[in-house]
Amino acid sequence: MAKKFYITTPIYYVNARPHIGTSYTTIIADIIARYKRQQGYDVRLTTGSDEHSQKMIAPAEKEGLTPLEFCDRMVPVFKEAWKGLNISPYTFVRTSDQAHEETVKSFFTRIFERGDIYKGIYEGYYCLPCETFWSESQLKGEKLCPSCERPTQLVKEDAYFFRLSKYQDRLLKHFEDNPQFVEPETARNEMLNRLKEGLRDLCISRSSSQWGIRIPQDENHIFYVWVDALLAYLTGSGYKFGQESDHYWPPDVNLIGRDITWFHAIIFPAMLFSADMEPAHQIFVHGFWNQGEGGKISKSKGNVVDPLELIKLVKNDGLRFFFAREIPLGVDGTYSIDALVNRYNFDLANDLGNLFHRTQNLSHKLFGGKVPSASDSTGLFEEIRDLKAAVIKSVEEQNERFNFSASTNAVWGLVGYLNRLIDEKRPWELSQKPERREEIEAIFNAVYDSFKTILALLYPIIPSSAQMLWENIGLKGSLEEIPYRQAIGDYVQESQLRMGDPAFPRIDVKSLL
Ligand code: MSP
């Protein structure tokens, strides 16, 4: 049986449409999922909607809807976006689902029975946008949230608490024993420093609101939204209390943005320890995209952050590629339409698209749409093959660290080499000289051999374009299904080369102004 691999994205607040940030996490998670599937894993990707947020109430009221009706309307908007971005099969957990409610109640009952829950009064500050409790000493300036810097509200209500403080030593030990637990190191160190400052018990219920899952032991309380939300990963894994088999728990990776590390690296693992369950193997914290100042193509286009608008311009592969290539996972990036279009034009249209298009053109002219067989005495064939092997190795190393910026960089080393090779060798001239025929045939053979590898390596990032080019170079089958070793392996032409349209037509920046 195939080894399981479980990856999650945060479950998103659905009070607004998906944007650059949520699309980024989802696309990177999908790239990882596709890469792991290609490697033969049985992959589950969980995403979803975090519906019991108190901030769902106001926008719903404005539309004359209940929060649930409002979420019913927004969930398809998210699913539509993920379809547009070519996200491969995923499990979508709505926190209003019956199955999720059961997970939350069963989980809570277990930690309640362990004696880790007690009743008290919560008095402190609450940030509605972040759905976070803060003590007065943690606030910034005029009682502002230290995370988003927006005003907080003072609240006082009956509440249940989780004995988070009890798990400080266990968490410290877990961090020590598992150096990979939180990546990158900056995020890990930040968590460790905060952890060493000490933990306070966590308020895990609200009695001032009706919108949420009711605590089974006391129906006057609803669960604090983060407790409810984090458990979506468990629901999405297929884990069922009482019949604990055939599920994907624990996650191999929780992929998250750096705004929510504390909940994932400290609070949730402590809750899981209390329930005697394993936390995720790794919490990978990615950086944030900031809107670039200036450098925007036009006023109207400059502010486009709706992913479905962006893909009208660069197709879903253009956006996926931008996210993968522009910044290493874990650091912040600057987003602008200019950066996106330039990335597309330089890397995809000029380098990759052009390489394929002109090689295909030449193959039709010189060899009638067939790739010549190779026997080379100049050593070039071997040189290209060696380079290809080095690139594969480097891509695999970087992909294992989820550094798709470095892995695409390695692939572009090969793309650049092949472009230069064709420029320098000028096959259209060599073909006029019968004594150089063997050399040119070998070059084309090795170039197609590299093409096959390039497409197999880029498949997780640009799945539709890789598949289209795969077929254009005379190969059959779906890259989604072909085992990795076979996909990166030697090129054997299966059908006539197909000319096809350029995979990445250049975007004329002037036409966007
Ligand atoms: N509902 C909670 C998560 C619960 S998970 C158990 C939440 N939702 S959210 O809709 O606000 O999404 C937050 C996530 O969106 C971030 O962690 C990050 O993954 C992504 N991003 C939101 N804005 C972002 C950027 N500007 N840049 C990159 N990603 C960011 O928090």
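Residues numbered from 1 in each chain as written. Predicted model: local features only at pLDDT ≥ 70, side-chain atom pairs only at ≥ 80, totals over all residues. Heavy atoms only, no water.

Attention now goes to the pattern of salt bridges. Tallying each qualifying case throughout the model produces 30 salt bridges. Here Lys166 ties to Asp116 by a salt bridge, and the two come within 2.5 Å at their closest N and O atoms. You can see Lys166 sitting in the loop between strand E7 (153-162) and helix H5 (168-177) and its partner Asp116 sitting in the loop between helix H4 (98-113) and strand E5 (117-127), a full 50 residues away along the chain. It is possible to trace a salt-bridge network through shared partners that takes in Arg325, Glu326, Arg343 and Asp347. (Salt bridge = Lys/Arg side-chain N within 4 Å of Asp/Glu carboxyl O. Helix = DSSP H or I, 4+ residues; strand = E, 2+ residues; numbered from the N terminus.)

Residues of the chain with pLDDT of at least 70 account for 97%, and the chain-wide mean is 93. When the criterion is pLDDT under 50, residues 294-302 qualifies, and its contacts beyond four places in sequence or with other chains add up to 16 contacts. (pLDDT = per-residue confidence, 0-100. Contact = heavy atoms within 4.5 Å.)

With that settled, the discussion passes to the nonpolar core. Counting residues in hydrophobic clusters, the biggest one holds 107 residues, and the most contacted among them are Ile28, Leu319, Phe323, Leu352, Leu418 and Ile473. Dropping the residues within four chain positions of it, Phe323 is found in contact with Ile20, Ser23, Tyr24, Ile27, Ile28 and Trp289. (Core = buried A, V, L, I, M, F, W, Y, C linked by side-chain atoms within 4.5 Å. Buried < 20%, exposed > 50% of the residue type's maximum accessible area, 1.4 Å probe, protein only.)

Let us now look at the packing of H5 against helix H9 (residues 261-274). Axis separation between H5 and H9 bottoms out at 10 Å; the angle between their running directions is 110°. Taken together, H5 and H9 sit at an angle that is classed as roughly perpendicular. Touching Arg170, Leu171, His174 and Phe175 of H5 are Ala265, Ile266, Pro269, Ala270 and Phe273, all from H9. (Axes fitted to C-alpha atoms, helices over the stretch in contact; angles between N-to-C directions. Parallel < 35°, antiparallel > 145°, perpendicular 65-115°, else oblique.)

Taken together, 21 residues are adjacent to the ligand, and Ile11, Thr25, Asp50, Asp259 and Trp289 come closest. One of the side-chain N or O atoms of Asp259 is found 2.9 Å from an oxygen atom in the ligand. Take His286: an N or O atom from its side chain is 3.4 Å from an oxygen atom of the ligand. Among the elements of the structure, strand E2 (12-13), helix H1 (20-38) and helix H7 (225-230) are those that each provide at least two residues to the shell around the ligand. (Near = heavy atom within 4 Å. Polar contact = N/O pair within 3.5 Å; in protein donor to acceptor, adjacent residues only side chain to side chain.)

Moving on, we come to the side chain of Thr26. Its location among the elements puts Thr26 in helix H1. A distance of 2.9 Å separates a polar atom in the side chain of Thr26 from a polar atom in the side chain of Tyr12. Once residues lying within four places of it in the same chain are set aside, the contact partners of Thr26 are Thr9, Tyr12, Trp82 and Ile87.

Another point: the packing of helix H12 (residues 337-367) against helix H16 (residues 437-458). Put simply, H12 and H16 touch, their axes get as near as 12 Å, and they point 140° apart. You can see that H12 and H16 cross each other, and the crossing is left-handed. Contacts between H12 and H16 involve Leu352, Leu355, Phe356, Thr359, Gln360, Leu362, Ser363, Leu366 and Phe367 on the former and, on the latter, Arg437, Ile440, Glu441, Phe444, Val447, Tyr448, Phe451, Ile454, Leu455 and Leu458. When its residues are assigned to classes, the contact of H12 with H16 shows 14 nonpolar, three polar and two charged. (Left-handed = near helix turned anticlockwise from the far one by under 90°. Nonpolar A, V, L, I, M, F, W, Y, C, P; charged D, E, K, R; others polar.)

Most of strand E3 (residues 42-50) is tucked away, with seven of its nine residues classed as buried. Pairing analysis gives two bridges linking E2 to E3, with the strands arranged parallel. If you follow Tyr12 over to E3, its bridge partner there is Ser49. Taken together, the four bridges between E3 and strand E4 (residues 91-94) define a ladder with parallel strand orientation. Directly across from Gly48, in E4, lies its bridge partner Val93. (Pairing = 2+ DSSP bridges.)

It is worth spelling out the sheet that holds strand E11 (residues 214-215) at this point. If you walk across this open sheet you meet the three strands as E10-E12-E11, and the pairing is antiparallel. Sheet topology places strand E10 (205-206) and E11 at the edges, where each strand pairs with a single neighbour. One ladder, built from two bridges, connects E10 with strand E12 (residues 218-223); its direction is antiparallel. Of the residues in E12, the one forming a bridge with Ser205 is Phe223.

Another point: the packing of aromatic side chains. Working definition: an aromatic ring pair is given by the centre-to-centre distance plus the angle between the planes. Scanning the entire structure with this criterion turns up 33 aromatic pairs. In this structure, Lys4 is placed above the aromatic ring of Tyr248, and the distance from its NZ or CZ to the ring centre is 5.0 Å. Over the ring of Trp262 we find Arg194, and its NZ or CZ is 4.0 Å from the ring centre. (Phe/Tyr/Trp six-rings, centres within 6.5 Å; stacked < 30°, edge-to-face > 60°. Lys NZ or Arg CZ within 6 Å of the ring centre and 35° of its normal.)

To continue, consider H5. Counting along an α-helix, one turn takes 3.6 residues, and residues three or four places apart therefore face a common direction. Of all the positions in H5, only Gln168, Leu171, Leu172, His174 and Phe175 are classed as buried. For H5, the angular spread of the buried residues around the axis is 160°, confining them to a single face. Turned more than 90 degrees away from the buried face of H5 sit Asp169 and Glu176, all of them exposed. Tucked into the core, H5 has its buried residues touching strand E8 (182-183), helix H6 (185-196) and H9. (Arc of directions from axis to C-beta.)

What follows covers unusual backbone geometry. The omega torsion of the bond from Glu183 to Pro184 falls at -5°, within 30 degrees of zero and hence cis. One can find Pro184 in the loop between E8 and H6. In this structure, the amide linkage connecting Trp249 to the following residue, Pro250, adopts the cis form with an omega of 0°. Tracing the backbone shows Pro250 in the loop between helix H8 (232-236) and strand E13 (253-257). A positive phi angle, close to 50°, is found at Glu131, a residue other than glycine. With respect to the element layout, Glu131 can be found in the loop between E5 and strand E6 (132-134). Unusually for a residue other than glycine, Glu149 sits at a positive phi of about 65°. You can see Glu149 is positioned in the loop between E6 and E7.

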